[in-house]
Every structure is written in C-alpha cells, then in structure tokens.
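# Overview (structure and organization)
If you want the building blocks of each chain, they are given just below.
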Amino acid sequence: MSNPHSDLSIRIWNNYSKGQLHADLTGRFNSLVFSTALHGGFKECRVDVPMKLSEAWLYLNRENLPGRHFYHMEISEENRTVWEGRLSDIEVRGNSSFVGVSLTAFGYWSSCRDQYYDADDSGNTDWKISGPHNVGKIIREIITKECPSINGTVDIDLTSRDVVGIDLTARDYPMDIIIDKLAPLSDSDASIWYFAVWDNRKPYWKKRDGTSLYWYTHMSEIREFHLLQEAKHLRNYILPVVGTTEGTGSSDAESQKDYPVREAKISLPTGIASTAANDARDLALSERKFPRQDESFILSGHVYTPLVSYTTASQAKGAMNERPKWWVRAGQTIRIQDFLPASISVPKLDDLRTFHILETEYNALTDELTIQPDRPANRLDILLTRLGQLERDR
C-alpha cells in the first residue's frame, strides 16, 4: 500500500455547511492521531502542523476576532470521510524543532454537551404519561430539540419496550441522558444499544450487531497483543433499583455453579416500569456473568475484508481484500483469523478471537491502529463515563 501520510487529506471550513474553506493542511502535518468510540462515533483528533507564526495566529481568538474554534475539520481519503468534527483546543507553540499549531478536535457527539434538555420545557414531551414511549423516540426528540449541529434523526432506531413513566425533568445534557439513563435500559430482547454520530453528522442509535464480520487480520499483523480475562468484576446476581426502589433480582445458575455468588445493583431512572427494569437487569447479567476479555491490541500490519461470501472460516482463506487501517471504526467486528483453530462456521463474539470494536485510535505517521474490544458491562459505568466526557477538564 502507499504511504498513508500521503493518502489522507485534512481540510478546515468555517462551519459544517462548508461555506468557506479556511485551511487545507493536506501534506503539511507532521503528526496525526484520530479515534472512534462507542458511545460517540468520531471521538478525538490531534494534529500538529508546522507553519509560520503569522499564519498560526489566525487560529486564535484575538483582538475581537473569533479565531477558528468550532470550525469544521474533516479528514478524507478521496471521496471517503475518514473522520470529521469541530476544532476545540488550539495551541500555538514553538521550539528548536517545531513552530506551528497543535489542533485538537472532537466529533459531533461532543455537541450533545452544548445545550440542556428538560422534559418540562415548553413543547417537549412529558414521558411520564400518555405512552407508549420508547428510548429511540426519546432520543429523537432530544436530538431535534437540543442538538442543532447533528444532522437529522432518521437513523435513530425505535426500540420496542415501552418506557412510559420515565422522569427526564432533571435538566441535563443530552450526552449524559443517553449514557446514564437511556442506554442501560436495553430493550425487550436484553440487547446492547449504542449511540454514535458518523459521516455528515448523522446520528445512529443501533443495536449491537454480533453476527456480521467486517474485518479480518492475523497474528502476524499484530505488533502487540494481550489476552486478559478479568474476573474481579464478574457478577452473577443483579438487583435493579429504580430511583430508590429495589426491583426483582435475578441470578445466573450456570455462572453460580462455576464461580462464587457475586452481587451487584444497577441504578435506573425514576418512573420506569418493572418490565423495562428487568430488561436492563437481564442485559447487565448477560454481560457480567463470565470473565471477559478486557485488553486492547495494536495492529501494525494488514487488515482485510472478504472478497466473497462464505460459510466457514476455511473458505475465507485467501479470499480477502486488504483495506487501509483507518477504515476500521468502533461498532464494527474484527476477527483474528488464526488465533485459535478455524472451527467456527458462523460469526460469534467469543471474546477470544472475534471482537466487537468499542474504540479505535489510528496513528497516521506510524500507520498503527489500536483496537479496544467491547468490554463487558461489568465496567460499563466507568467506561461510558470515560468515553462520554469528550470535553473533559484538564
């Protein structure tokens, strides 16, 4: 493949409508790292660009000029959007080896912390009454009312479980409502749901897909790999707590046969019915009941997509097409093809060689991709908080 540095273009417009191109940094940067995550979609991008101080000053807020904060930044490969977001942190710096700007941008998921949402505000829905309501419907209203930088809601799927009664009258950011109150509710099939904002600022609320394989690689392509199965967060009895009211707990007999009884409580929004609480309970139990893989790996070699459809792993041998590593995103599935004997006939998230991708970070200068497999819900509260705080204080 060609030098990845030369295949990627970086451009900055004054807004997401691309009304005025303010900078083309293609071929000028000497450092570029960008990431994707769930929840979120496009997460963070950091780029260093050498330039004269007279040009660098244009990026800063100065003398009643706004600078280029919140400008739209886009990384592309010809017509393919690789990453997009808006500028946040701008640093002009210089030393003996570098004079220029260091730019940090965040994907449009960060705009879900621009404005507050409160169900009591005029024109908003009172979710406590007049159901049925579902999580997808709630997210559609929140995005429409309070996230003007996000483009539409057509790809926010409507879940099936009725959550009428949920109290969303505590004023909060859409990001925090989605992470803390809505995502843990799952659905009637105890599935995992993620929110993301991808190309053209389009939002997605989708069920995790555990049957489609997007990517393949091999052990020889991985520079650094650790297989860590953590048991300290294993929980095989889950008690849902709605507000301050305890619901009906549930155990997993298979797990308790092999491991000690380990209990956990999950806190859920005030007002939801017991059926919705039980969905969240069942999801948490299914994700926590066994030790799970909890370690990232660094892919320095090749990544492939299949050229043809196949039904067994052996049929896939030699039928793959190499793709750039920056195409890999959170929410997709990757298999390390030769890590274990090739005996699986259909894709399965086995936590050993087939992973749902929770987070990626691509370094354009080293052409290395760090992949964080989807961690189990035994760390969900910690993990989602970390991923959600895209604009965290330093």
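If you're wondering where the values come from, they're calculated on a predicted model, not measured in any experiment.

Scoring rules and cut-offs
Residues numbered from 1 in each chain as written. Predicted model: local features only at pLDDT ≥ 70, side-chain atom pairs only at ≥ 80, totals over all residues. Heavy atoms only, no water. Helix = DSSP H or I, 4+ residues; strand = E, 2+ residues; numbered from the N terminus. Buried < 20%, exposed > 50% of the residue type's maximum accessible area, 1.4 Å probe, protein only. Contact = heavy atoms within 4.5 Å. Areas by Shrake-Rupley, 256 points an atom, 1.4 Å probe, with all protein chains shown as cover. Core = buried A, V, L, I, M, F, W, Y, C linked by side-chain atoms within 4.5 Å. Patch = residues over 30% accessible without salt bridge, like charges linked within 9 Å, V, L, I, M, F, W, Y side chains within 5 Å. Salt bridge = Lys/Arg side-chain N within 4 Å of Asp/Glu carboxyl O. pLDDT = per-residue confidence, 0-100. Polar contact = N/O pair within 3.5 Å; in protein donor to acceptor, adjacent residues only side chain to side chain. Phe/Tyr/Trp six-rings, centres within 6.5 Å; stacked < 30°, edge-to-face > 60°. Lys NZ or Arg CZ within 6 Å of the ring centre and 35° of its normal. Expected span 1.5 Å × (residues − 1). Pairing = 2+ DSSP bridges.

Check the secondary structure of the protein chain and you find eight helices and 23 strands. Scored against the burial criterion, the 394 residues of the protein chain give a buried share of 52%. For the protein chain, restricting intrachain contacts to residue pairs at least 6 apart in sequence, the fraction spanning at least 24 positions comes to 69%. In the form shown here, the protein chain has an accessible surface area of approximately 17,600 Å², with 47% of it arising from carbon and sulfur atoms.

Let us now look at the side chain of Lys181. Looking at where Lys181 falls in the secondary structure, it is placed in helix H4 (residues 174-182). The contacts of Lys181, once residues within four sequence positions are left out, are Asp167, Leu168, Ala170, Asp176 and Pro269.

In this structure, Leu32 and Phe34 are the most contacted members of the largest nonpolar core, which totals 51 residues. Setting aside residues no more than four positions away along its own chain, Phe34 makes contact with Leu8, Glu44, Cys45, Ile75, Val82, Trp83, Trp326, Thr360, Glu361 and Tyr362. Counting 39 residues, the second-largest nonpolar core is a separate cluster that includes Ile142, Ile150, Val197 and Ala277.

What follows is about a nonpolar patch on the surface. A cluster of nonpolar side chains, contributed by Leu53, Trp57 and Val99, occupies part of the molecular surface with about 270 Å² of accessible area. With respect to the helices and strands, Trp57 occurs in the loop between helix H2 (53-56) and strand S5 (72-77).

Detailed reading of predicted coordinates is not advised where the pLDDT is low. Summary statistics for the protein chain give a mean pLDDT of 87 and a share of 87% for residues scoring 70 or more. Put simply, helix H8 (residues 380-388) is where the protein chain has its lowest mean pLDDT, 39, and helix H3 (residues 135-146) is where it has its highest, 97. Every residue in residues 309-318 is under pLDDT 50, and counting partners more than four places away or in other chains gives 12 contacts. Contacts for the low-pLDDT stretch residues 377-394, under 50 throughout, to residues beyond four places or in other chains number 42 contacts.

Below, the discussion takes up the pattern of salt bridges. Tallied over the full model, the rule gives 21 salt bridges. When the shortest N-O distance is used, the salt bridge between Arg46 and Glu44 registers 3.9 Å. Relative accessible area serves as the criterion here: at 34%, Arg46 is assigned to the partly exposed category. For Asp252, the salt bridge identified is with Lys289, shortest N-O distance 3.3 Å. With Asp252 in the loop between strand S15 (250-251) and helix H5 (253-258) and Lys289 in the loop between helix H6 (274-288) and strand S17 (292-293), this pair connects stretches of sequence that are 37 residues apart. With relative accessibility at 13%, the residue Asp252 sits in the buried group. One network of salt bridges, with partners in common, ties together Glu44, Arg46 and Glu361.

Let us look at the environment of Arg11. As for its placement among the helices and strands, Arg11 is situated in strand S1 (residues 9-13). Once the C-alpha coordinates of Arg11 and Leu25 are considered, the two residues, 14 residues apart in sequence, prove to be 5.9 Å apart. Apart from the residues within four sequence positions on either side, Arg11 is in contact with Leu21, Ala23, Asp24, Thr26, His72, Met73, Glu74 and Ser76. One polar contact links Arg11 to Asp24, side chain to side chain, over a distance of 3.4 Å.

In this structure the tally under the stated criterion is nine aromatic pairs. Ring centres 6.2 Å apart and planes at 80° place the aromatic pair Tyr16 and Tyr108 in the edge-to-face group. Of this pair, Tyr16 sits in the loop between S1 and strand S2 (21-24) while Tyr108 sits in the loop between strand S7 (99-106) and H3, and the two are 92 residues apart along the sequence. Exposure remark for Tyr108: the relative accessible area of 3% places this residue in the buried category. An aromatic cluster of three or more residues is present, and its members are Phe34, Trp326 and Tyr362. The ring of Tyr16 carries the charged tip of Arg201 above its face, separated from the ring centre by 3.7 Å.

Relative to the helices and strands, Val242 is located in strand S13 (residues 237-242). By relative accessible area, Val242 is classed as buried at 17%. Distance in space between the C-alpha atoms of Val242 and Ser274 is 8.6 Å, their sequence separation being 32 residues. Leave out the neighbours within four places in its chain, and Val242 touches Leu268, Pro269, Thr270, Gly271, Ile272 and Ala277.

This next bit is on H6. Note on helix geometry: an α-helix contains 3.6 residues per turn, so any two residues three or four positions apart are oriented the same way. With 15 residues, H6 ought to run about 21 Å at 1.5 Å a step, and its terminal C-alpha atoms sit 21 Å apart, in line with that. Residues of H6 that are buried: Ala276, Ala277, Asp279, Ala280, Arg281, Leu283, Ala284, Leu285, Glu287 and Arg288. Summarising the contacts, the buried residues of H6 are in contact with S13, S15, strand S16 (263-268) and S17.

Let's shift gears to the pairing of S1. Judged by how many residues are buried, S1 sits mostly within the fold: four of five residues are covered. As paired strands, S1 and S5 are joined by five bridges and run antiparallel to one another. Its bridge partner being in S5, Arg11 is matched across the sheet by Glu74. Sheet topology note: the S1/S2 ladder contains three bridges and is antiparallel. Bridge pairing in S2 places Arg11 opposite Asp24.

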